[in-house]
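Listed below are the residues making up each chain.
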Amino acid sequence: MTLESPQSAVSDTLRVAQPSQKAAVAERPGSSGKWRRRIAYVILIAYAVLMFIPFSWTLITSFKTLPDSVRLTLPDPFTTSAYQYVADQLQPSILTLFWNSLLLAVIVTLTNLVLGSLAGYAFARLNFRFREALFLLVLGTLMIPDQLRLVPMYTAFNSIGLTTGPGQYVAVILVLAISATSIFLLRQYFLTIPRDLEEAARIDGAGFFTTFLRVMLPLAGPAIAAVAVLQFQGTWNGFFWPVVFLTDKAHYTLPIGLAFFKLSGGFGTNWPPLMATVVIATVPVLLVYIFFQRYFVEGIAASGVKG
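Since the structure is predicted, the reported quantities are computational estimates derived from the model, not experimental observations.

So, the environment of Arg 202
Then, number 1: Among the structural elements, Arg 202 can be located in helix α9 (residues 195–203).
Then, number 2: The contacts of Arg 202, once residues within four sequence positions are left out, are Tyr 121, Phe 208 and Thr 211.

Structure, rendered in structure tokens:
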């Protein structure tokens, strides 16, 4: 039997202990993940601040005087004269522009929700001939620019009298009544809902429409919220189709009013009232997004899970 020296025993112990210590350090939970999350938060916060700068500058300029509006300073003096100008002297009035935009945005949002949910459910759950080909055809419409459809759409609506009077609103609504984006988002969300729920409803005697109305539609709340936010924001800020069909000043929307407000200044723009109008136009979209934010993010995330 050989006896080891105390020094060799200690060295052997250290060699055995070192790998275990390294393993313990390597298995320390969340050390690298925490740093990645912190870096991601810093980048997202910096991006959010960068995106907020234009709106904050618009808000600051709306409380300035015209000579002070071209300077990179805070309002001095602080004045609300721009908002008074918008309320009293803007033609058409800010209330008319606001009402026209709200009317179109609400109606177009509702039509996209109704028609988009029906089409999305059909493409997701119903088995019919050429279903996939038709769905690809619907997605293909996203590649057709609005400028390419301008002449045929205007000619068709003009032939049935929808380019004069209140029919101008109808023309804009018909063009924007349904979009491929709404169908796609709702169809993708319906695909994530388990089929067991539908089968249970059918065992109870429910048909396709009853199953859609009482089972599938209540479960699609996040996707419906996402489509509502996207369509409301898109229609509220839409310029192309309203400026094509809405030729009467009494029918102008806020984007058209803003464009003519800027052009009416000639070589000099009255910046504070223009910025005040922009702030007023931003408030409804901001409120809609704040109200539906949670469902909007959930709906967008879930709509991309299954193809």
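Structure's up, so let's keep going.
Structural notes on helix α10 (residues 208–219)
Then, number 1: An ideal rise of 1.5 Å per residue puts 16 Å on 12 residues; α10 measures up with 15 Å between its terminal C-alpha atoms.
Then, number 2: Every buried residue of α10 is accounted for by Thr 211, Phe 212 and Met 216. Summarising the axial view, the buried residues of α10 lie within an arc of 95°, below the 170-degree limit, and thus occupy one face. Those residues of α10 that are exposed and aimed more than 90 degrees away from the buried face are Arg 214 and Pro 218.

What about the nonpolar core?
Then, number 1: With 33 residues, the main nonpolar core has Trp 236 and Phe 245 as its most contacted residues.
Then, number 2: If you list the elements that add at least two residues to this core, you get α3 (81–89), α4 (94–125), α7 (167–176), α11 (221–236), α12 (240–245), α13 (254–263) and α14 (271–303).
Then, number 3: Of the residues forming this core, the biggest block, six residues, is contributed by α14.
Then, number 4: Not counting residues within four places of it along the chain, the set of residues in contact with Trp 236 comprises Phe 98, Ser 101, Leu 102, Ala 105, Leu 254, Pro 255, Ala 281, Pro 284 and Val 285.
Then, number 5: Within the second largest apolar cluster, 15 residues are counted, among which are Leu 113, Leu 186, Met 216 and Ala 220.

Rules used throughout
Residues numbered from 1 in each chain as written. Predicted model: local features only at pLDDT ≥ 70, side-chain atom pairs only at ≥ 80, totals over all residues. Heavy atoms only, no water. Helix = DSSP H or I, 4+ residues; strand = E, 2+ residues; numbered from the N terminus. Contact = heavy atoms within 4.5 Å. Expected span 1.5 Å × (residues − 1). Buried < 20%, exposed > 50% of the residue type's maximum accessible area, 1.4 Å probe, protein only. Arc of directions from axis to C-beta. Core = buried A, V, L, I, M, F, W, Y, C linked by side-chain atoms within 4.5 Å.

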